[in-house]
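Single-letter residue listing:
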Amino acid sequence: MRLAEALEPLYRGYLRRLDEMVARLPEGAALTERTTRTDNGRLARGPDGLPLRFDVADARDGHTYEVHGARPDSPLADEVRVAGLPVQLLPGNWEELPVACVFEREPSQEDVEDLADLLRGFAVLASHGGFSEAVLVDIGGPWKGRAHGMRVELRGLELHAILDLGTCPPLAVEALCGAVAGYSEERCPLVSHLRIGGKGEAG
C-alpha cells in the first residue's frame, strides 16, 4: 500500500469536517481557504512566515472558522515504506498532523538545519498549491488543495514538525517522505524512520 492511500482516511475526515462547517452557513456566504490582508494592505502571515489562510470565513461579517477534529482518524496501515525509508503511522488529524524525522543518533546542527529547511521548503510549496493537482481522486467542492501552516522543533533525536496540511492531498506527504529519504542517503547519522500521526501539541 502506498503512503498516500494509507493516509486517505485522515484527509477525508478533514474534508468532511470542512463540508459540515460550510453547510452551517447560508448559501453563498462561505469563503474557503482565503488569505487575508493587514491594515496596510500587505498579505498577513502566520508565525511560520506562510500566508495566513483560514479554513472558512463568513462573507457577511468576516468571521473566520478553523476546523479541529474531536478525535483522531485512523490510517489504513501501521507502517509503509517510501523510497526504502520506514514510515510509521498513528491515528491523527490532517489539520494538525505530526511528522517526526527520527535520527539514528544525535545529529549535527548543520544536519538539523538542512532537514528543517527541507520541511519548510515543502510547506512553502504546498501552501502555494504546488501539490493541488496531485490527487488520487477528485475532492470536488470549493477547496484549493493548499497547506495552511507548519511549525518545527528539535526534540532529542527527532526533528518534529506539526503540519496544518489544509486541503493539500496525501500524495504531497508521500513526496515529502521521499525527499527525506533522499536527504538521509547523503547523511551520517541517517534518519532511521519517520513517524506520522499522534498528538499534535508541540513543546
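Whatever comes next refers back to the structure up there.
Residues numbered from 1 in each chain as written. Predicted model: local features only at pLDDT ≥ 70, side-chain atom pairs only at ≥ 80, totals over all residues. Heavy atoms only, no water.

Draft legend 1. Focus on the sheet that holds strand S4 (residues 79-82). Strand order in the open sheet formed by six strands is S4-S5-S9-S6-S8-S7, and the pairing between neighbours is mixed. Lying at the two open borders of the sheet, with one neighbouring strand each, are S4 and strand S7 (149-155). Between one strand axis and the next, the sheet turns by 20 degrees as a mean value, whatever way the strands run. Inspection of the sheet shows S4 paired to strand S5 (residues 85-89) by four bridges, in the antiparallel sense. Across the sheet, Val80 pairs through a bridge with Val87, a residue of S5. (Pairing = 2+ DSSP bridges. Helix = DSSP H or I, 4+ residues; strand = E, 2+ residues; numbered from the N terminus. Axes fitted to C-alpha atoms, helices over the stretch in contact; angles between N-to-C directions.)

Draft legend 2. Spotlight on helix H3 (residues 109-127). For H3, spanning 19 residues, the distance from its first C-alpha to its last is 27 Å, which sits close to the expected 27 Å at 1.5 Å a residue. Listed in full, the buried residues belonging to H3 are Asp111, Val112, Leu115, Ala116, Leu119, Phe122, Ala123, Ala126 and Ser127. Angular distribution of buried residues about the axis of H3 spans 145 degrees; they occupy a single face of the element. With respect to the buried face of H3, the exposed residues turned more than 90 degrees away are Gln109 and Glu110. (Expected span 1.5 Å × (residues − 1). Buried < 20%, exposed > 50% of the residue type's maximum accessible area, 1.4 Å probe, protein only. Arc of directions from axis to C-beta.)

Draft legend 3. Representation of helix H2 (residues 8-23) within the structure. Helix length check: H2 (16 residues) gives 22 Å between terminal C-alpha atoms against 22 Å at 1.5 Å per residue, within 8%. Within H2 the residues assigned to the buried category are Glu8, Leu10, Tyr11, Gly13, Tyr14, Leu15, Arg17, Leu18 and Met21. Buried residues along H2 sit against helix H1 (3-6), strand S2 (56-58), strand S3 (64-65), strand S6 (97-103) and helix H4 (170-185). (Contact = heavy atoms within 4.5 Å.)

Draft legend 4. Spatial organisation of the side chain of Asn93. Structurally, the position occupied by Asn93 is in the loop between S5 and S6. Among the residues examined, Asn93 registers a relative accessible area of 14% and is labelled buried. Filtering out sequence-adjacent residues up to four positions away, Asn93 remains in contact with Leu10, Arg17, Gly69, Arg71, Pro72 and Asp73.

Draft legend 5. Inspection of the nonpolar core at higher detail. Of all hydrophobic cores here, the largest spans 51 residues; its most connected members are Leu3, Val87, Trp94 and Ile196. Non-local contacts of Val87, meaning those with residues more than four positions away in its chain, are made with Leu3, Asp78, Glu79, Val80, Val82, Cys177, Leu194 and Ile196. (Core = buried A, V, L, I, M, F, W, Y, C linked by side-chain atoms within 4.5 Å.)

Draft legend 6. Looking closely at the pattern of salt bridges. Counted according to the given criterion, the structure contains ten salt bridges. Between Glu8 and Arg12 there is a salt bridge, with the nearest N and O atoms lying 2.9 Å from each other. Of this pair, Glu8 and Arg12 both sit in helix H2, four residues apart, which is roughly one turn of that helix. What makes Glu8 buried here is its relative accessible area of 15%. With its nearest N and O atoms 3.3 Å apart, the salt bridge here joins Arg120 to Asp117. Of this pair, Arg120 and Asp117 both sit in helix H3, separated by three residues, roughly a single helical turn. Owing to a relative accessible area of 47%, Asp117 belongs among the partly exposed residues under this scheme. Where salt bridges share partners, they join Arg17, Asp73 and Glu95 into one cluster. (Salt bridge = Lys/Arg side-chain N within 4 Å of Asp/Glu carboxyl O.)

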